[in-house]
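# Architecture and fold: a report
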Amino acid sequence: MKHNHPLAKEGRERERESRGKIPIHMMEVCNCIEPQWPADELLMKYQYISDFFIAVAYFSIPLELIYFVKKSAVFPYRWVLVQFGAFIVLCGATHLINLWTFTTHSRTVALVMTTAKVLTAVVSCATALMLVHIIPDLLSVKTRELFLKNKAAELDREMGLIRTQEETGRHVRMLTHEIRSTLDRHTILKTTLVELGRTLALEECALWMPTRTGLELQLSYTLRQQHPVNYTVPIQLPVINQVFGTSRAVKISPNSPVARLRPVSGKYLLGEVVAVRVPLLHLSNFQINDWPELSTKRYALMVLMLPSDSARQWHVHELELVEVVADQVAVALSHAAILEESMRARDLLMEQNVALDLARREAETAIRARNDFLAVMNHEMRTPMHAIIALSSLLQETELTPEQRLMVETVLKSSSLLATLMNDVLDLSRLEDGSLQLELGTFNLHTLFREVLNLIKPIAVVKKLPITLNLAPDLPEFVVGDEKRLMQIILNIVGNAVKFSKQGSISVTALVTKSDNRAPPDFFVVPTGSHFYLRVKVKDLGAGINPQDIPKLFTKFAQTQSLATRSSGGSGLGLAISKRFVNLMEGNIWIESDGVGKGCTAIFDVKLGISNESKQSGIPKVPVNPQPGNFAGLKVLVMDENGVSRMVTKGLLVHLGCEVTTVSSNEECLRVVSHEHKVVFMDVCMPGVENYQIALRIHEKFTKRHQRPLLVALTGNTDKSTKEKCMSFGLDGVLLKPVSLDNMRNVLSDLLEHRVLYEAM
Amino acid sequence: MNNVVAQLQRQFHDYLVSLYQQGFLDNQFSELRKLQDDGTPDFVAEVVSLFFEDCSKLINTMSRSLERPENVDFKQVDSGVHQLKGSSSSVGARRVKNVCISFKECCDVQNREGCIRCLQQVDYEYKMLKTKLQDLFNLEQQILQAGGTIPQVDIN
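Everything numeric here is computed off the predicted structure, so don't read it as measured data.

### Observations concerning the UniProt feature "modified residue: Phosphohistidine" (unreviewed entry) in chain B
- Taking the numbering used here, the UniProt-annotated feature "modified residue: Phosphohistidine" (unreviewed entry) corresponds to His-82 of chain B.
- Structurally, the position occupied by His-82 of chain B is in helix α4 (residues 74–91).

Spelled out as structure tokens, the structure:
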């Protein structure tokens, strides 16, 4: 406020009064030295101007305020603003009105001035009171703002960290990818060092591997420099133990032996060094379903050096990166090791395969060689054998002295034994490699048993052992099976019974077995449709067998050691062969005995087929009346050089009702043969191939198959080669001379029915 | 009369059986006998005579071949033996056949001494058989003349 000096005022009043009529006595002498200068007017002018500007300022401030607040729209304290505005406006108004008070002014002006001042006072007091509340709030806003700024800075920092970690993660992934992309151990390690060096911008990176002895660490790989060969450090250094003791990356001193890789020159300030352990997983550590024991693991040491003379420090995320990489390397190395191992195993297996293949081929060659040898030896041995037997038997029938007879009988017996032995050996060897096949045929089972008994009877009678035969009533008469081998089995068993009995009787029982109440537990008998199981029991009351020896009985060449058995001879092959035959016939054979001296029972089961026909091929019976075959008028041609044979064959065929023409040579045969002849019997006994040519010529002569007569060879031997030869020359059948009547009848009917015949042997 | 026939028949039967048992004849002979029926009453006799003729001829030939030790034609001997073997097995002359087997073996090894021995044996055997069969046929004729029938003989 303008200082209105009261005396000045009075002065002014005086002036006015002097202009008007104001009593002088009201004028006081003031103490102020106030010359009545014309400068008064200057001062007044200045005050006037200042007041004016103040007013203008005072008026413009609220306008500005309003303008900016309107613009901002955030300001929360409008009411305060209004107040403040009012306050300022009023102050401005006051100063403005002051302008009028410099000159004489009327009472209205004074009134307005007073009103303004009063209002101003009220408002300003109110504002002052308001501000007490507002200012702390405003201050706290400021505080909050600061806090938020700090927070923002912190978040920025954290984001920076996350980004760094993300970078690190990316590096790790890339490193891992690089490391795991190869399965070669060296590449893995080298790649690790290279990538780590690149990612972390390392000065040097080195890998120390444990030596074979496990007592030292050898410098195996470095990143940048050539390392001296065999640079090792002992494994028991404290720094190494420290690193191996934890799975984390450990900062170590740059001066430790593992970190001193290049010659130290004092000028360098060595960068920080970090070391981490890399577990080396040994395959031997792996158990199935079991994790490897950590305590027995070996470790390699990876040492990483930051560039020297830089202020870089190892950051936490970098250390983490190193740890992760170390683990990855361990995994990659173990994979590589496993792969190596499996490749080695595979190579080994392949080698073994090759060796096995070779061994198999050698074995096959050996078997073939043996078979060839056996076949040759068989033939070579049998021929003289037959000669010996034949001549001995002939000799037997001549006039001999008793001594000579005895000698001849011994020769005969020995050679028979030898022949049997040879046969047995051949059979057994064929049985062993499974090349023996049963020769199935239809035969009379009852007759077979009777024959066996007839063969054994002489010996049994001599030893005074009665033999009885019991055939079950439901035993089929005609069966299908291998007659010869079955006879061999029965003969062997019954023979054994006779051999090993000194007294008592022998009973042979044959029955059809349905239930397996006495069979060994692992053998189940199931009679199928056209098959049945024949059980034969041979019981004797002779020497008996020690139950302990029973398993040995069926092994070849093994014999019980008792003198009694040894003296009765035998090579020990019989039972073994019988067992093999029984097995071939899908059966089982076993022996039961109550002990030494109590006799024993031999039992075997074999599978036989039931024959539908009552055909008999084997021992022919002499028919009461000759039966005419249905071959009446069948035109046949017989070609035989031998007159007697020719005549016999002709008689045979004539008896069957055929119309027979005979020729005695190939040429005559060719001349005579015509489409009227249905069958041509040709004798092919003479050695050589010429006989068979006739067959080819006949084939040529009759091109149409239905016109051609059937060609049958009559021969004295029926081995495989003859059969094959006949087949290859286009013959339809082979007959063994001499042919029986029944045989011929069957053969003819078979032939005419099927137009081919290769079974009538 | 029946008695005579029966006796003769029994004689015949026993004789034939003995021939089998002594090994002169085998199965094949009985087969031959089967072929003899009313249509061919002399079949067996014919065959057998032919056989004996054959034997005689072959033996002569072979004897000649084996005569001189220097040049023995073993091929011819072999073929002769072959023939003889075939014939003998066709008629069921067991002993003859057996000798032929040994004979063949001697021939294979070109054993002249052996061959000669076998030849002699063959000769002996066939003559022996011839005699026996002659007796048999005589018996047959006697039976037939006496009005009986030839009995079937079961050799099993």
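### Looking at the packing of aromatic side chains
Residues and elements named next belong to chain B.
- Scanning all chains against the criterion turns up four aromatic pairs over all chains.
- Note on Phe-51 and Phe-52: the rings are 5.4 Å apart at their centroids and 50° apart in plane angle, and the pair reads as tilted. Of the two residues examined, Phe-51 and Phe-52, each falls in the buried class.
- Taking 6.1 Å as the distance between ring centres and 35° as the angle between the ring planes, the aromatic pair formed by Phe-52 and Tyr-126 counts as tilted. Remark: Tyr-126 occurs in helix α6 (residues 112–145) and Phe-52 occurs in helix α3 (residues 43–65); sequence separation between them is 74 residues.
- Residue classification places Phe-52 among the buried positions, given a relative accessible area of 7%.
- Feature note: the residues Phe-51, Phe-52 and Tyr-126 constitute an aromatic cluster, connected by ring pairs.
- Sitting above the plane of the Phe-24 ring, Arg-95 keeps its charged end 4.2 Å from the centroid.

### A look at the sheet that holds strand β1 (residues 204–210) of chain A
All names here are of chain A.
- Spatial strand order, β3-β2-β1-β6-β5-β4: six strands in an open sheet with antiparallel pairing. The open sheet terminates on both sides in strands that have one partner only, identified here as β3 (232–234) and β4 (250–252). On average, each strand axis in the sheet is inclined to that of its neighbour by 35°, with strand direction left out of account.

### Some words on the UniProt feature "modified residue: 4-aspartylphosphate" (unreviewed entry) in chain A
Residues and elements named next belong to chain A.
- Feature annotation in UniProt assigns "modified residue: 4-aspartylphosphate" (unreviewed entry) to the following positions: Asp-683.
- Looking at where Asp-683 falls in the secondary structure, it is placed in strand β16 (residues 679–683).
- The contacts of Asp-683, once residues within four sequence positions are left out, are Met-639, Asp-640, Asn-691, Leu-714 and Lys-737.

### Focus: the interface of chain A and chain B
- Listed per partner, the contact involves 29 residues of chain A and 28 residues of chain B.
- For the pair chain A and chain B, the number of links is one salt bridge.
- Here Glu-397 of chain A ties to Arg-95 of chain B by a salt bridge, and the two come within 3.6 Å at their closest N and O atoms.
- Connecting chain A to chain B are five residue pairs in polar contact (both at pLDDT 80 or more).
- Broken down by element, the residue count for the side of chain A that touches chain B peaks at eight residues, all from helix α14 (residues 643–655) of chain A.
- Of the residues that constitute the side of chain A that touches chain B, the class distribution is 18 nonpolar, seven polar and four charged.

### A short note on unusual backbone geometry
- We note that Glu-586 of chain A has phi near 55°; this positive angle belongs to a residue other than glycine.
- Of note, Glu-586 of chain A is situated in the loop between α13 (574–584) and β12 (588–593).

### A closer look at the sheet that holds strand β18 (residues 733–736) of chain A
All names here are of chain A.
- What the five strands build is an open sheet, ordered β15-β14-β16-β17-β18; its pairing is parallel. Strands at the two margins of the open sheet, each flanked by one partner only, are β15 (659–663) and β18. Between one strand and the next, the sheet's axes are offset by a mean angle of 25°, whatever the strand orientation.
- Bridge count between strand β17 (residues 710–715) and β18: four bridges; the pairing is parallel. Its bridge partner being in β18, Thr-715 is matched across the sheet by Leu-736.
- In this fold helix α18 (residues 741–754) packs onto β16, β17 and β18, with an angle of close to 130° to the strand it touches most, β16.

### Topic: the state of the cysteines
Residue and element names in this part refer to chain B.
- Taken as a whole, this structure holds zero disulfides over all chains when the rule is applied.
- Cys-118 supplies the cysteine sulfur nearest to Cys-106, a cysteine that is in no disulfide, at a spacing of 3.8 Å.
- Accessibility expressed as a relative area gives 15% for Cys-106, which makes it buried.

Rules used in this analysis
- Residues numbered from 1 in each chain as written.
- Chains lettered and ligands numbered in written order.
- Predicted model: local features only at pLDDT ≥ 70, side-chain atom pairs only at ≥ 80, totals over all residues.
- Heavy atoms only, no water.
- UniProt positions renumbered as here; feature names shortened; annotations may be inferred.
- Helix = DSSP H or I, 4+ residues; strand = E, 2+ residues; numbered from the N terminus.
- Phe/Tyr/Trp six-rings, centres within 6.5 Å; stacked < 30°, edge-to-face > 60°.
- Buried < 20%, exposed > 50% of the residue type's maximum accessible area, 1.4 Å probe, protein only.
- Lys NZ or Arg CZ within 6 Å of the ring centre and 35° of its normal.
- Pairing = 2+ DSSP bridges.
- Axes fitted to C-alpha atoms, helices over the stretch in contact; angles between N-to-C directions.
- Contact = heavy atoms within 4.5 Å.
- Salt bridge = Lys/Arg side-chain N within 4 Å of Asp/Glu carboxyl O.
- Polar contact = N/O pair within 3.5 Å; in protein donor to acceptor, adjacent residues only side chain to side chain.
- Nonpolar A, V, L, I, M, F, W, Y, C, P; charged D, E, K, R; others polar.
- Disulfide = S-S within 2.5 Å.

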